[in-house]
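Fold and geometry: a report
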Amino acid sequence: ETGVTQTPRHLVMGMTNKKSLKCEQHLGHNAMYWYKQSAKKPLELMFVYNFKEQTENNSVPSRFSPECPNSSHLFLHLHTLQPEDSALYLCASSQGGAQTSGREHEQFFGPGTRLTVL
Amino acid sequence: GEDVEQSLFLSVREGDSSVINCTYTDSSSTYLYWYKQEPGAGLQLLTYIFSNMDMKQDQRLTVLLNKKDKHLSLRIADTQTGDSAIYFCAERDSGSARQLTFGSGTQLTVLP
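The structure contained in this document is the topic of the report that follows.

What counts, and where the lines are drawn
Residues numbered from 1 in each chain as written. Chains lettered and ligands numbered in written order. Predicted model: local features only at pLDDT ≥ 70, side-chain atom pairs only at ≥ 80, totals over all residues. Heavy atoms only, no water. Salt bridge = Lys/Arg side-chain N within 4 Å of Asp/Glu carboxyl O. Buried < 20%, exposed > 50% of the residue type's maximum accessible area, 1.4 Å probe, protein only. Helix = DSSP H or I, 4+ residues; strand = E, 2+ residues; numbered from the N terminus. Core = buried A, V, L, I, M, F, W, Y, C linked by side-chain atoms within 4.5 Å. Contact = heavy atoms within 4.5 Å.

Notes on the pattern of salt bridges
Residue and element names in this part refer to chain A. Counting across every chain of the model gives 5 salt bridges over all chains. Taking the shortest distance from any N to any O, the salt bridge between Glu44 and Lys41 comes out at 3.6 Å. Overall, Glu44 belongs to the partly exposed group, its relative accessible area being 32%. Between Arg63 and Asp85 there is a salt bridge; the shortest N-O distance is 2.7 Å. A residue pair is termed long-range when its members are at least 10 positions apart, and Arg63 in the loop between strand S6 (53-57) and strand S7 (64-70) and Asp85 in the loop between strand S8 (73-79) and strand S9 (87-94) qualify at 22 residues.

Some details on the nonpolar core
One finds Trp34, Phe64, Leu76 and Leu78 of chain A to be the most contacted residues of the largest nonpolar core, which totals 22 residues. The set of elements that each furnish at least two residues to this core consists of strand S2 (10-13), strand S3 (18-25), strand S4 (31-37), strand S5 (44-50), S7, S8, S9 and strand S11 (113-117) of chain A. Beyond its immediate sequence surroundings of up to four residues, Phe64 of chain A is in contact with Met46, Phe47, Leu76, His77, Leu78, Leu81, Asp85 and Tyr89 of chain A. Leu45 of chain A together with Leu43, Leu100 and Phe102 of chain B belong to the second largest nonpolar core, which has 20 residues in total.

What to know about unusual backbone geometry
A cis amide bond, omega -10°, links Thr7 of chain A with the succeeding residue Pro8 of chain A. Relative to the helices and strands, Pro8 of chain A resides in the loop between strand S1 (4-7) and S2. Despite not being glycine, Gln59 of chain B has its phi angle at roughly 55°, a positive value. By the secondary structure assignment, Gln59 of chain B is in the loop between strand S6 (55-58) and strand S7 (61-66). Residue classification places Gln59 of chain B among the exposed positions, given a relative accessible area of 74%. Here the phi dihedral of Asp78 of chain B falls at roughly 50°; this positive angle occurs in a residue that is not glycine. Mapped onto the elements, Asp78 of chain B comes out in the loop between strand S8 (71-76) and strand S9 (85-93).

What follows is the structure, given as structure tokens:
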């Protein structure tokens, strides 16, 4: 049990579908993240939320829409995706304020959602 | 921007030591990390080192940091088949408490 859960674990969708990925953390953290992991490429940070406020958006296309209703939950709404969006989408959380030191920055990852876009 | 590089593959025999290498470009890195990813799972933090240290040991794991050459390594002693996984190097710079820059990962295969 990593403390960070993601559902669904696998998702296959067509290019015209709308779906949502869900992440929940049970660790009392106040920052949450979405990453995209494609084969043989570095993890790409997509979004960062700190105390429910979005603090980073790394030039992610608008077909990906994040939502953070509270510090424990994070969603990624998907709409009109492309086949190249197929990847493993990882959620992570961490403790800490705006500037942290020590281990508060440690990010705990969920198992990911394997997304295939047909 | 920052860049973190790793070789993609490493194979070792069970019982031998594994050394996974990583280079990075950001001279303002404060913390450097090693994460492990097993098949079908997310990333798990193995160990980390603060940039003013040059070595850290934790049981079978030894991290070496050469800040001058911007080179980080992870040594796994007495490598076991359960160590087979993808290992990611990551760095955090002083400018952001949130953003980690990851390498592409090294696939470690432990042969019996």
